[in-house]
Amino acid sequence: MSKLVQIRDDHFHDHCGVFGVYGHPEASKLTYLGLYALQHRGQESAGIASTDGAEVHLHRSLGHVQEIFTPEVIARLPGAAAIGHTRYSTTGDTTLMNAQPILIDCNKGKLALGHNGNLTNAMEVRRRLEHRASIFQTTSDTEVIVHLMARSTARNLSGALADALNQVEGAYSLVVLTRDEMYAIRDPRGFRPLVLGRLDGAWVAGSETCAFDLIDAEYVREVEPGEMVRISRSGIESIRFAPEKPHQFCIFEHVYFSRPDSLVFGRAVNESREKLGRLLAREHPAEADLVVPVPDSGVPAAVGYAAESGIPFRMGLIRNHYVGRTFIEPEQAIRDFGVKLKLNPVRRMLEGQRVVLVDDSIVRGTTSRKIVRLVREAGATEVHVRISCPPTISPCYYGVDTPRRDELIASRHSTEEIREFLGADSLGYLSLESLRAAVDDREKQFCTACYTGSYPTELVQLEVEAHREG
């Protein structure tokens, strides 16, 4: 019998996407559309919670947004306020019990919560709570916030949220829904993006502005690091719930995660990525005939590289956008089967050409090696690999699914060794200085831990140093 195989993607995977609407009669429909636009941030599960003022309704399931939210399901999510979440697991297993939003009924009332990010002290806090008889229903770090909130002696929900969040460390952008309020909250360092918008008198919140574009909402501003935005019938209220900390915006949002049509951390993503490519061309020029991106994530940087170098840009690799997760593998072995399902070279374009192959990152290196071989087998005489970020040497602990340190090829090998492994004629990574320049990071407000191994939160840094010493 033919074997069903899972196709592994050798990219970092983004954490989650969150979205919320308050004050619109079609809140759940708009939330569905918002999640649809944020599907790239998580493809394992999705959920929507809505309120009609009397009850909080919830539907969650494994799968993609479009598959989960049929018209019949949306009809069971009434009310003028809703929040949604699309998930790629970073902490916790891929099971329905870990799907979000999480719905609880506690002494602060019934509420739903969706979380984008990762709490670095979650295990420590969870152990402490379990010793005090808290019973956890999931393996997700998000539930820690819920239990801390339920134990708070604060009189109102905003106070309870502040109590809970001041006991956790790490990255969180949250949307919270009660029977009559919605909250949008961002951690004091601002690791993950969260933005506010307006639509026909209603308020909307989401991980990226591309979700606003789909529903014709107007972008208003970012939720500031350390800010809790409370939205109710009385209007909008801004609450500073935590002491100010140095900002640490995730730089990989601009390298890869966010959609290029989004505004993230107040800057156009596509503009950043084209500049990455331009700076890459200056740092690592190549004698070549074509600049070819690895689609889709390598396209904007390749456009910048071509514009700066004067080498023609060509889509020499075509991506199949209808690739699922599993496939029936043919009985006869086909070399590079998984990559060939996703990418196909345009042979007549590549034949006899010297190619600059532009991608956003190299993680394990196995997929990049197969792509180089694919381009060579299509007839390219030379393949010069250019990467629009520095070598990735450290895992992320702030809401990104990354391999262990020993699985990251750049943590163990020099650039020359990686070039040899890839089978490329040359290999050039963008420098950290140019990466910062591309996002205009003059005050070092971006987190670059995955490139430096220097982490902005103390607990993670101590663990990393202990691991190195061990």
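Rules behind the numbers
Residues numbered from 1 in each chain as written. Predicted model: local features only at pLDDT ≥ 70, side-chain atom pairs only at ≥ 80, totals over all residues. Heavy atoms only, no water. Helix = DSSP H or I, 4+ residues; strand = E, 2+ residues; numbered from the N terminus. Buried < 20%, exposed > 50% of the residue type's maximum accessible area, 1.4 Å probe, protein only. Expected span 1.5 Å × (residues − 1). Arc of directions from axis to C-beta. Pairing = 2+ DSSP bridges. Axes fitted to C-alpha atoms, helices over the stretch in contact; angles between N-to-C directions. Contact = heavy atoms within 4.5 Å. Parallel < 35°, antiparallel > 145°, perpendicular 65-115°, else oblique. Left-handed = near helix turned anticlockwise from the far one by under 90°. Nonpolar A, V, L, I, M, F, W, Y, C, P; charged D, E, K, R; others polar.

K.L.:
Just to check I follow, could you spell out unusual backbone geometry for this structure?
P.N.:
In terms of backbone geometry, most residues other than glycine have negative phi values and most peptide bonds are trans. Residue proline 101 is reached from glutamine 100 by a cis peptide bond, and omega for that bond is 5 degrees. Considering the arrangement of structural elements, one finds proline 101 in the loop between β6 (81–87) and β7 (102–106). Residue aspartate 296 is reached from proline 295 by a cis peptide bond, and omega for that bond is 0 degrees. Tracing the backbone through its elements, the reader meets aspartate 296 in the loop between β19 (290–293) and α10 (299–309). Residues other than glycine seldom take positive phi values, yet lysine 444 does so here, at roughly 50 degrees. The class for lysine 444 is exposed, based on a relative accessible area of 58%.

K.L.:
Sorry, what's going on with helix α13 (residues 366–377) here?
P.N.:
Given 3.6 residues to a turn, an α-helix orients residues that are three or four positions apart in the same direction. Between its terminal C-alpha atoms α13 stretches 17 Å, which fits the 16 Å expected from twelve residues at 1.5 Å a residue. Those residues of α13 not exposed but buried are Ser368, Ile371, Val372, Leu374 and Val375. Considered in projection along α13, the buried side chains sweep an arc of 160 degrees and stay on one side of the axis.

K.L.:
Teacher, can you tell me more about the pairing of strand β11 (residues 195–199) here?
P.N.:
In regular strands, side chains alternate between the two faces of the sheet. Most of β11 sits out of view: four of its five residues are buried. The sheet contact formed by β11 and strand β12 (residues 202–206) spans five bridges and is antiparallel. Bridge pairing in β12 links arginine 198 to tryptophan 203. Two successive antiparallel strands, β11 and β12, enclose a turn made up of two residues, where aspartate 200 displays a positive phi of approximately 50 degrees. Both β11 and strand β13 (residues 218–222) contribute to a ladder of four bridges, which runs antiparallel. When the bridges of β13 are listed, valine 195 appears paired with glutamate 222.

K.L.:
Please clarify how the sheet that holds strand β10 (residues 182–186) should be interpreted in this entry.
P.N.:
As a general point, the strands of a sheet are linked pairwise by backbone hydrogen bonds and lie either parallel or antiparallel. One open sheet holds the six strands; their spatial order is β7-β8-β9-β10-β14-β15, and the pairing between them is antiparallel. With partners counted over all chains shown, the strands left at the sheet margins are β7 and β15 (235–240), one partner each. Taken pair by pair, the neighbouring strands of this sheet meet at an average axis angle of 20 degrees, ignoring direction. As paired strands, strand β8 (residues 109–119) and strand β9 (residues 170–177) are joined by eight bridges and run antiparallel to one another.

K.L.:
So what exactly am I meant to see when it comes to the sheet that holds strand β3 (residues 16–22) here?
P.N.:
Pairing is antiparallel across the open sheet formed by seven strands, whose spatial order is β5-β4-β6-β3-β12-β11-β13. Each having just a single partner strand, β5 (56–62) and β13 make up the two edges of the open sheet. Taken over all neighbouring pairs, the strand axes of this sheet differ in orientation by 15 degrees on average, direction set aside. In this sheet, β5 lies alongside strand β4 (residues 45–51) in antiparallel orientation, the contact comprising seven bridges. Note that in β5 the partner of alanine 46 across the bridge is serine 61. Along the sheet face, helix α1 (residues 27–37) touches β3, β4, β6 and β11 and points at about 25 degrees away from the line of β6.

K.L.:
How do you make sense of the packing of helix α4 (residues 122–131) against helix α5 (residues 142–151) when you look at a structure like this?
P.N.:
Between α4 and α5, the shortest axis-to-axis distance is 10 Å and the interhelical angle comes to 45 degrees. The angle between the axes of α4 and α5 places the two elements in the oblique class. The way α4 lies across α5 gives a crossing that is left-handed. For the pair α4 and α5, contact is made by Ala122, Val125, Arg126, Arg128 and Leu129 and by Val144, His147, Leu148 and Arg151, respectively. A class-by-class count of the residues in the contact of α4 with α5 yields five nonpolar, one polar and three charged.

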